[in-house]
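Read off the chains here:
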Amino acid sequence: MKRIYLIGFMGSGKSAIGRRLSFLLKIPYYDMDQEIVKKMGMTIPEIFERHGEPFFRQQEHEFLKTFRDEWCIVSTGGGVAVNPSNSKLMRQTGLVLFLDATFPDIWKRISRDVNRPIVQASTREQLEALYTTRKRFYKATAHITIRTEGRTLRQITEYAAFQVNRLKSNDF
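Heads up: these notes are all about the structure in this document. (Residues numbered from 1 in each chain as written. Predicted model: local features only at pLDDT ≥ 70, side-chain atom pairs only at ≥ 80, totals over all residues. Heavy atoms only, no water.)

Of note, Lys 39 is situated in helix α2 (residues 32-40). Overall, Lys 39 belongs to the exposed group, its relative accessible area being 57%. In the structure, Lys 39 is positioned 64 residues away from Phe 103 in sequence and 31 Å away in space, judged by C-alpha atoms. (Helix = DSSP H or I, 4+ residues; strand = E, 2+ residues; numbered from the N terminus. Buried < 20%, exposed > 50% of the residue type's maximum accessible area, 1.4 Å probe, protein only.)

Before going further, it helps to examine the nonpolar core. In this structure, Ile 7, Phe 9, Leu 64 and Met 90 are the most contacted members of the largest nonpolar core, which totals 35 residues. Looking at which element gives the most residues to this core, the answer is α2, with 4 residues. When neighbours within four sequence positions are excluded, Leu 64 is seen to be in contact with Arg 3, Tyr 5, Met 32, Val 80, Asn 86, Leu 89 and Met 90. Among the nonpolar cores identified, the runner-up in size contains 18 residues, and Leu 6, Tyr 29, Leu 95 and Ala 161 belong to it. (Core = buried A, V, L, I, M, F, W, Y, C linked by side-chain atoms within 4.5 Å. Contact = heavy atoms within 4.5 Å.)

Okay, structure coming up:
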């Protein structure tokens, strides 16, 4: 296993923790969404508008199948773990950490984000229902669940690093 995958709902802290974990563990960090944006040459809202969500979800799957084989950290898109093929790929090729944030915390972070097409097209109630639906997929995919409520980014990052190092020494 070479990759550390960070999964969770949008706004759960995957990118923030991924960057910090990369610094702490001294391994490269990649943001799946940003890699897809680079490959496609357009923003995520543009991809959704021009090609639709199913196309974007296929790009996520292709990323998991073809991304470089190196020891690295990957923060995934919020919907990646819903696809059983993606979940299987992540569990086979890396350690999957679920950043389990509460919906009120997530809502504070995402409610005004114009770069999240699903947020712009949904009500708070619809997003909370999506959060509830996806949470069971995150739990089923994760090797380790990290509760983020009441913890600082530093505490979450240090705990994630502890788990990675613990499992790495056990040849996880």
